[in-house]
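Descriptive analysis of the structure
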Amino acid sequence: MATLSLKPSQRFQLPEWNTNTYLLCTNAQQQREACHQIRQEARVLRSNTNNQTVWDEHDNRTRLTERIETVNRWKEMLDKCLMDLDAEIDTLIQMKESADQHLQAKNLPLDVAIECLTLRESRRDIDLVTDPVEDELLKEVEIIEAARKSLQQKVNSAFEQLCLLQEVRQQLNSDHRGKMETLEIDRGCLSLNLTSPNISLKVNPTRISNSALTLEQWDDTSRFNKSQAEAEMRAATELREAISLTIVQTNNEIEAQRVATEFAFRKRLQEMERLYSDLKWQENNTLEEIEEMKKDVRHLEDDLHRKMLSLKLVHTRLESRTFRPNLELCRDEPQYGLIDEVRQLDSTITIMKQKLAQTQDALDTLYKHLARLQAAIACKANSMLLDKKCLDIRRKLVVPAEKFVPQVDTFTRTTNRILSPLKIGHLKLI
């Protein structure tokens, strides 16, 4: 006979079974409701986040576009500023070179003035005088030295300003390169999208460098660089105007002094030529007077010789009459007449000897004065020749070097032309 065999396990009651089924259904319903809520929230989240992402991306794209426009506007301003700065640097270099050329050009008038002063030191005796010509030459040297000093200062200032402009240009160029790189980076960022192949996650992309500037600092720095460049360009423009004014003023001052110096030379030459003519007139008159004096001396000597013959005649007559015999040796009228004649001749001869000595002394005095006149004429001729040589040298200041031909020989200090007989005589006196 068969027996009932039951598993030795816990058995549940029917209410428990019903409760379990109810709980399962209830939990399933709750889980479905929770999932439905989560799905709805997820959908809302997806919608919100998609919209937020799209708007964020749109806003950032707009910000990038605006930033690119701002940086590009600054780049264009820096481009123009750099072009203006390069143009100002080139112009200032040209002005500096012009000032250098004018500074070098001042060597010629300075050398000419010094050469004229040196030549005029060869004047002799009383002609070595401090005259208006020497004063004007010394003033000319002083003006040229002052002009050279002023131009040298302007050249040095131009060099310093060029250094400042180059320094500002380096700053602007660095700023310009930074903005160019920034534009390239931002334009690259603007061109990226979700399908771009080179997008990836980065390590700590939100980090900010310690050297990063704020937007205000960036703008202030760019404005400062641009303002500094504009200030230096204004300073360079003012310096160029000052250099140009200095060049014109120095040229006018030197030219005015050149005219004044040459006027003094011509006036002095005219004065010396007048004195030279007066001295030559005095020389000619003195020579004529010497000839007259020599004639008078010869006449006096001849008359004195005749008086001596007359005296010898009277002496001979008196001596011969002393040999009259006996009573004939008397003091008669002829005796007294001959004695009076002897006395008269002695007095006349004494007076004539005195006059002859006086005349010879006067003639010697005339010879000495003639020598002084001729020495003075020689000095005047030498001085005139030196001043003419100076005027000839000063032709270098108005005649181009390639066309300059000296009119006075440098070595013999004679004019390179046929001299008149009068001037040949002058040179012989030298």
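Residues numbered from 1 in each chain as written. Predicted model: local features only at pLDDT ≥ 70, side-chain atom pairs only at ≥ 80, totals over all residues. Heavy atoms only, no water.

Here the focus is the overall build of the chain. Per the secondary structure count, the chain includes six helices and zero strands. Secondary structure elements of the chain occur, N-terminal to C-terminal, as α-α-α-α-α-α. For 430 residues, the compact-globule estimate of 2.2 N^0.38 gives 22 Å, and the chain exceeds it by more than 25% at 61 Å. Reported as C-alpha extents along the three principal axes, the dimensions of the chain are approximately 260 × 40 × 35 Å. For the chain, the residues scored as buried account for 29% of the 430 residues in total. By sequence separation, contacts in the chain at least 24 residues apart represent 84% of the contacts at least 6 residues apart. Working note: accessible area of the chain is about 29,400 Å², and carbon and sulfur atoms make up 56% of it. (Helix = DSSP H or I, 4+ residues; strand = E, 2+ residues; numbered from the N terminus. Rg over C-alpha atoms; globule rule 2.2 N^0.38 Å. Buried < 20%, exposed > 50% of the residue type's maximum accessible area, 1.4 Å probe, protein only. Contact = heavy atoms within 4.5 Å. Areas by Shrake-Rupley, 256 points an atom, 1.4 Å probe, with all protein chains shown as cover.)

We now examine the nonpolar core. L85, L92, L165, L172, I243 and I247 are the most contacted members of the largest nonpolar core, which has 22 residues in total. Ranked by the residues each element gives to this core, the list is headed by helix α1 (residues 14–105), at nine residues. Once you skip the residues sitting within four places of it in the chain, L165 turns out to touch L85, E88, I89, L92, E232, M233 and A236. C116, V141, I254 and I393 belong to the second largest nonpolar core, which has 18 residues in total. (Core = buried A, V, L, I, M, F, W, Y, C linked by side-chain atoms within 4.5 Å.)

For the rest of this paragraph, the subject is the state of the cysteines. In the structure shown here, the tally under the stated rule is zero disulfides. No disulfide involves C81; its sulfur sits 19 Å from that of C163, the nearest cysteine. Judged by its relative accessible area of 4%, C81 falls in the buried class. Not engaged in a disulfide, the cysteine C379 finds its nearest cysteine sulfur in C390; these two sulfurs lie 16 Å apart. (Disulfide = S-S within 2.5 Å.)

A cluster of acidic residues, E288, E289, E292 and D296, forms a negative patch at the surface. Its location among the elements puts E292 in helix α4 (residues 215–321). For E292, a relative accessible area of 40% puts it in the partly exposed group. (Patch = residues over 30% accessible without salt bridge, like charges linked within 9 Å, V, L, I, M, F, W, Y side chains within 5 Å. Salt bridge = Lys/Arg side-chain N within 4 Å of Asp/Glu carboxyl O. Lys, Arg positive; Asp, Glu negative; His and termini not counted. Charge placed at Lys NZ, Arg CZ, Asp CG, Glu CD.)

Further remarks concern the packing of α1 against helix α3 (residues 132–191). In the contact formed by α1 and α3, the axes pass within 8 Å of each other and the chain directions differ by 160°. As the angle between them shows, α1 and α3 are arranged roughly antiparallel. Pair α1 / α3 crosses with left-handed handedness. Considered class by class, the residues forming the contact of α1 with α3 number 25 nonpolar, nine polar and 14 charged. (Axes fitted to C-alpha atoms, helices over the stretch in contact; angles between N-to-C directions. Parallel < 35°, antiparallel > 145°, perpendicular 65-115°, else oblique. Left-handed = near helix turned anticlockwise from the far one by under 90°. Nonpolar A, V, L, I, M, F, W, Y, C, P; charged D, E, K, R; others polar.)

Bringing the confidence of the model for the chain into the picture now. Per-chain confidence: the chain averages 84 in pLDDT, with 90% of residues scoring 70 or above. The least confident element of the chain is helix α6 (residues 421–429), whose mean pLDDT is 40; the most confident is α3, at 91. Low pLDDT, under 50, characterises residues 409–430; the stretch is placed with 34 contacts to residues that sit more than four places away or in other chains. (pLDDT = per-residue confidence, 0-100.)

Quick look at the packing of helix α2 (residues 107–120) against α3 now. Two numbers describe a pair of packed helices, the interaxial angle and the distance between the axes. One way to put it is that α2 packs onto α3 with a least axis distance of 9 Å and a crossing angle of 155°. Considering the angle they form, α2 stands roughly antiparallel to α3. The two elements α2 and α3 meet at a crossing, and its hand is left-handed. Each of N107, P109, L110, A113, I114, C116, L117 and R120 in α2 lies in contact with α3, whose residues at this interface are V133, E134, L137, L138, E140, V141, I144, E145 and R148. Per-class residue counts for the contact of α2 with α3 are 11 nonpolar, one polar and five charged.

All right, on to the pattern of salt bridges then. For the structure shown, the criterion picks out 25 salt bridges. With a closest N to O distance of 2.9 Å, D387 and R120 form a salt bridge. A residue pair is termed long-range when its members are at least 10 positions apart, and D387 in helix α5 (residues 333–393) and R120 in helix α2 qualify at 267 residues. One exposure class covers both D387 and R120, and it is buried. Each member of the salt-bridge network shares a partner with another, and the members are R120, R123, D131, E134, R268, E271 and D387.

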